[in-house]
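Coordinate analysis (summary)
Listed here are the chains, written in short residue letters.
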Amino acid sequence: MFHWFEQRPFFFAVLVFVFISFAGIIEVIPDFAKQSRPTVGTKPYSVLELAGRQVYIKESCNACHSQLVRPFKSETDRYGMYSLSGEYAYDRPFLWGSKRTGPDLWRVGNYRTTDWHENHMMDPASVVPGTVMPAYPHQFENIADLDTAYAEAYTVKTVFATPYDQDLNGDGKVDVELGEYNSAIANAKADAAAIAADMKNQAVKDAVTKGQIPEIVALIAYLNSLK
Amino acid sequence: MQKSVHVEYDYSVAKAFAVVAILFGIIGMSLGVVLAFQLAFPELSNLAGEYGTFGRLRPIHTNGVTFGFTLSGVFAGWYYISQRVLKVSLKESPFLMAIAKLHFVLYFITIILAVVTLFMGITTSKEYAELEWPLDVLVVVWWVLWGISIFGLIGIRRERTLYISLWYFIATFLAIAMLYLFNNMEVPTALVSGYGSWIHSVSMYSGTNDAIVQWWYGHNAVAFVFTVPIIALNYYFLPKESGQNVYSYKLSILAFWGLLFVYLWAGGHHLIYSTVPDWMQTMGSVMSVVLILPSWGSAINMLLTMKGEWQQLQTNTLIKFMVLASTFYMLSTIEGPIQAIKSVNAIAHFTDWIPGHVHDGVLGWVVFMIMAALFHMVPRMYKREIYSKSLMDTQFWLQTTGIVLYFTSMWIAGITQGMMWRAYDEYGSLVYSFIDTVIVLKPYYTIRAVGGLLYLVGFFMFAYNIYKTIKCGRVLDKEPVNATPVAA
């Protein structure tokens with residue numbers, strides 16, 4: 001029967017397409033039918049955290065660090081509770097990674113502090129002797145792009161109904177505020193000031209006072225949010 | 001459908017792709033060596049400020065080798081093979097000639113832009129799909145152009161039946177089109193909000209769904225860039241070079257359709273012990289093991305093509321390249337399924353065994369096969385004899401040594417790391433902190449870097465040999481033909 005197809009390119013291509021579509025239809029589509037629901041307590045990222053997440057992506061931190069705790073005792077002992085599907089409901093894109101040259105970071109906010117991250121990015125070997133991680137001093141100078149972070153939050157809110165400006169747990173308060181552009185940027189700067197207060201780098205503090213948010217501040221906000 | 005016409009083939013586009021294959025090969029593999037040394041000697045990571053860190057260079061390395069080198073090699077192979085097995089020349093159709101040239105130009109521009117944007121840190125972070133949406137659009141455009149070229153040439157063919165290699169090219173075209181489109185669905189944020197960078201986008205899928213789509217794509221980018229079109233090259237060049245017919249038609253049918261059906265399921269093995277539904281993980285695991293059958297089917301078919309002619313290994317270096325490539329294909333396609341078994345995956349996942357696996361496949365199978373294809377094509381396209389056969393032989397042994405150093409060190413490193421992560425002492429506490437498991441790997445990283453360096457030196461010898469062949473190789477009046485030429 002295959003001889004017939006080999007002389008008719010059109011039907012050959014159709015048959016190829018049927019063969020390759022099979023797995024996708026059965027394996028990929030079902031999970032979209034039942035949308036991945038957020039677990040209780042999972043919140044969308046704030047604008048500053050999103051700006052930090054964009055820095056994390058820009059530097060391809062996910063090339064060396066995973067964000068997925070597997071359900072093994074050795075992993076839960078080391079990193080904390082194993083990952084649940086709903087915890088990733090607002091992760092666009094997902095950042096599970098495929099290789100651990102460094103440790104997992106999905107719950108790094110539970111056991112590392114702003115101060116630790118600051119030292120780590122400036123000189124990784126100062127807190128982890130023997131590390132193979134490069135230093136990221138330029139993150140103390142480069143300015144984070146709050147506009148693009150706002151654009152992303154606005155987009156996921158309008159296109160994917162990510163619950164910004166909503167009361168998620170019923171306590172009468174808005175959980176994650178986005179609001180209009182001006183108030184969103186002002187809130188992000190206020191968040192940044194709170195982070196910078198825990199840092200020791202004077203240039204960073206000065207920049208934040210002037211309303212310029214260095215990448216390191218946003219990145220730390222993001223890392224602290226991973227819990 | 002006459003068979004005895006004399007066709008004057010036009011190799012201009014094939015030549016262009018051959019040259020950029022070597023160019024991007026040098027870029028991609030050199031960066032690979034830099035990355036390998038950075039892991040062994042981390043101080044090398046900060047030599048070029050933010051533009052030289054591991055995280056920035058790594059996507060350029062993977063994209064450079066996958067979409068720069070490999071795809072160029074595949075396209076060069078396509079524009080060479082297709083005319084010959086279809087018995088038509090690109091010259092006969094000014095339209096298809098224009099499409100082919102535009103395909104090359106847009107492709108080249110895209111890869112250059114990819115290098116620039118990735119250096120700047122513009123990435124979607126999805127592995128092997130890092131390019132942001134404007135570049136994705138460009139990719140789709142030249143992929144469609146390639147499709148027009150494929151079906152256009154097939155449409156004006158003089159040979160009724162499609163040769164095996166063409167099956168594989170058609171499958172490459174269709175599968176990558178489907179996978180690339182679905183995985184790269186993203187929403188440009190500036191378009192929606194009116195704020196921020198115009199080049200930034202956000203994925204259409206979130207969390208676990210994003211992971212499912214990504215690895216359905218990611219693993220099958222391996223399938224349909226690193227496997228299927230390379231088999232196409234092997235099925236054409238090995239019979240041509242050895243003068244032997246493909247061993248079994250039935251086996252090639254079984255292997256082809258089996259591969260297409262099974263491969264697409266295997267992406268799930270990247271997500272074992274993740275948060276995707278359990279049945280999907282099991283399916284990915286089982287189908288990965290089943291995949292041994294069609295993979296070894298084609299590999300055995302390739303190797304048995306040499307049946308009764310094994311002495312050619314001593315007389316023809318090109319045959320050595322192709323036989324070693326087929327052997328590494330077998331090695332890699334038994335290693336992958338082993339890693340996809342759940343209990344093995346628990347140790348292997350996230351460790352250096354994974355890059356080890358990728359590299360014995362890419363260095364041993366993909367790059368060897370493409371180099372062999374170019375070694376076969378260049379004398380025929382430029383009517384020049386290969387400049388130095390002894391250089392070819394030295395390159396072969398140097399690179400083979402490099403690969404062996406690479407995968408053995410990564411096997412040991414990966415399993416060591418996996419076992420250390422899960423080691424408990426008699427009081428039920430973890431024995432090693434994470435950094436202990438990093439420090440212990442440094443010697444293996446050094447061995448890997450040396451292996452990679454040997455391979456890279458071999459690649460430079462290859463580039464030099466090809467350059468000298470084109471520039472000052474002995475002129476051939478007509479293209480070399482083997483003692484017992486096969487049809488097509």
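Residues numbered from 1 in each chain as written. Chains lettered and ligands numbered in written order. Predicted model: local features only at pLDDT ≥ 70, side-chain atom pairs only at ≥ 80, totals over all residues. Heavy atoms only, no water.

Considerations on the overall build of chain B
Inclusion rule: Elements are defined by DSSP. Helices are runs of H or I of four residues or more, strands are runs of E of two residues or more, and each kind is numbered from the N terminus. Within these notes, the globule rule equals 2.2 Å times the number of residues to the 0.38 power, and the radius of gyration is based on C-alpha atoms. Buried, partly exposed and exposed residues are distinguished by accessible area as a fraction of the type maximum, computed with a 1.4 Å probe on protein chains only: under 20%, between the cut-offs, and over 50%, respectively. The contact criterion used throughout is that any non-hydrogen atoms of two residues lie within 4.5 Å. To measure how exposed things are, a 1.4 Å probe is used in the Shrake-Rupley method; for residues, cover is taken only from the protein chains shown. For the purpose of counting charges, residues Lys and Arg are taken to be positive, whereas Asp and Glu are taken to be negative. His and the chain ends are not included. Positions of charges follow a simple convention, taking NZ of Lys, CZ of Arg, CG of Asp or CD of Glu.
Secondary structure summary: chain B contains 17 helices and two strands in total. Computed over C-alpha atoms, the radius of gyration of chain B comes to 23 Å, within 12% of the 23 Å expected from 2.2 N^0.38 for 488 residues, which places it in the range of a compact globule. In terms of principal-axis extent, the alpha carbons of chain B reach across some 80 × 60 × 45 Å. The buried share of chain B, reckoned over its 488 residues, is 65%. The contacts of chain B with a sequence gap of at least 6 include a subset with a gap of at least 24, amounting to 83%. For chain B, the accessible area works out to roughly 16800 Å², and carbon and sulfur atoms hold 70% of it. Each charge class in chain B can be summarised by its mean position, and for the 28 positive and 25 negative side chains these summaries are 14 Å apart.

Topic: the nonpolar core
The test is simple: Note on terminology: a nonpolar core comprises buried Ala, Val, Leu, Ile, Met, Phe, Trp, Tyr and Cys residues joined through side-chain atoms within 4.5 Å.
Core analysis: the biggest nonpolar cluster contains 229 residues, and Phe224 and Phe237 of chain B have the highest contact counts within it. The element contributing the most residues to this core is helix H7 (residues 207–242) of chain B, with 20 residues. Contacts of Phe224 of chain B, omitting those with residues within four sequence positions, involve Ile20 of chain A together with Ala171, Thr172, Ala175, Ile176, Leu179, Pro229, Leu260 and Leu264 of chain B.

Things to note about the confidence of the model for chain B
How we decide: As a per-residue measure, pLDDT reflects the predictor's confidence and takes values from 0 up to 100.
Across chain B, pLDDT averages 93, with 97% of residues at or above 70. Both scores are given for the predicted complex: the pTM is 0.95, the ipTM 0.94.

Some words on the interface of chain B and chain A
The cut-off we apply is this: Defined here as a combined quantity, buried area equals the accessible surface (1.4 Å probe) lost by two parts on assembly, summed across both. One side-chain nitrogen of Lys or Arg within 4 Å of one carboxyl oxygen of Asp or Glu is enough to make a salt bridge. Any N or O atom pair separated by 3.5 Å or less is treated as a polar contact, with the protein-specific requirement of one donor-capable and one acceptor-capable atom, and with residues adjacent in sequence counted only for side-chain atom pairs.
Each side of the interface is counted separately: chain B has 94 residues, and chain A has 84 residues. Buried area between chain B and chain A, summed over both chains or domains, comes out near 7700 Å², and the portion from carbon and sulfur atoms is 67%. Its largest share of buried area at the contact with chain A, chain B owes to Trp257, Phe350 and Phe434 of chain B, together 11% of the area lost on that side. Counting the contacts that link chain B with chain A gives two salt bridges. In this structure, the salt-bridge partner of Lys99 of chain A is Asp352 of chain B, at a minimum N-O distance of 2.9 Å. For the pair chain B and chain A, the number of links is 33 residue pairs in polar contact (both at pLDDT 80 or more). Broken down by element, the side of chain B that touches chain A gets its largest block of residues, 11 residues, from H7 of chain B.

Considering the packing of helix H2 (residues 54–86) of chain B against helix H3 (residues 94–119) of chain B
Residues and elements named next belong to chain B. Our working definition: Between N-to-C directions, angles span 0 to 180 degrees; the directions come from axes that are lines fitted to C-alpha atoms, helices contributing only their stretch in contact. An angle below 35 degrees is read as roughly parallel, one above 145 as roughly antiparallel, one from 65 to 115 as roughly perpendicular, and any other as oblique. Note on residue categories: nonpolar means Ala, Val, Leu, Ile, Met, Phe, Trp, Tyr, Cys or Pro, charged means Asp, Glu, Lys or Arg, and polar means any other residue, Gly included.
Contact geometry for H2 and H3: axes closest at 9 Å, N-to-C directions at 170°. Judged on the interaxial angle alone, H3 and H2 are roughly antiparallel. From H2, Arg56, Leu57, Pro59, Ile60, Asn63, Phe67, Gly68, Leu71, Ser72, Phe75 and Tyr79 reach across to H3, where they touch Ala100, His103, Tyr107, Ile111, Val115, Leu118 and Phe119. Each residue belonging to the contact of H2 with H3 can be placed in one class, and the counts come to 13 nonpolar, four polar and one charged.

Thoughts on a nonpolar patch on the surface
To keep things clear, this is the line we draw: Nonpolar side chains (Val, Leu, Ile, Met, Phe, Trp, Tyr) are joined into patches within 5 Å and like charges within 9 Å, using only residues with over 30% relative accessible area and no salt bridge.
Residues Trp4, Phe10, Phe11, Val14, Val18, Phe22, Ile25, Ile26 and Ile29 of chain A together with Trp279 of chain B make up a contiguous nonpolar surface patch of roughly 970 Å² in combined accessible area. Tallying contributions element by element places helix H2 (residues 9–28) of chain A first for the nonpolar patch, with seven residues. Within the element layout of this structure, Ile26 of chain A appears in helix H2. You can call Ile26 of chain A partly exposed: its relative accessible area is 35%.

Things to note about the packing of aromatic side chains
Here is the rule we go by: Each pair of aromatic rings taken from Phe, Tyr and Trp, with Trp reduced to its six-membered ring, is defined by centres within 6.5 Å and is described as stacked if the planes are under 30 degrees apart, edge-to-face if over 60, and tilted in the remaining cases. A ring is considered to have a charge above it if a Lys NZ or an Arg CZ atom is located within 6 Å of its centre and within 35 degrees of its normal.
A complete count under the given rule lists 67 aromatic pairs over all chains for this structure. Measuring from centroid to centroid gives 4.9 Å for Phe75 of chain B and Trp146 of chain B, while their planes differ by 65°, and the two rings are edge-to-face. Here Trp146 of chain B lies in helix H4 (residues 133–155) and Phe75 of chain B lies in helix H2, a separation of 71 residues in the sequence. Side by side, Phe75 of chain B and Trp146 of chain B carry an identical accessibility label, which is buried. Taking the centre distance of 6.4 Å and the plane angle of 75° together, the rings of Trp167 of chain B and Tyr249 of chain B count as edge-to-face. Taken together, the residues span a long stretch of sequence, with Trp167 of chain B in helix H5 (residues 164–183) and Tyr249 of chain B in helix H8 (residues 249–263) at a distance of 82 residues. When its relative accessible area of 32% is taken as the criterion, Tyr249 of chain B is described as partly exposed. A cation sits over an aromatic face here: Arg100 of chain A above Trp421 of chain B, 5.6 Å from the ring centre.

A word on the side chain of Glu27 of chain A
Its location among the elements puts Glu27 of chain A in helix H2. No salt bridge forms around the buried Glu27 of chain A; measuring N to O, its nearest opposite-charge neighbour Lys342 of chain B is 11 Å away. In contact with Glu27 of chain A, other than residues within four places in its own chain, are Leu264, Trp265, Trp279, Met280, Met283 and Gly284 of chain B.

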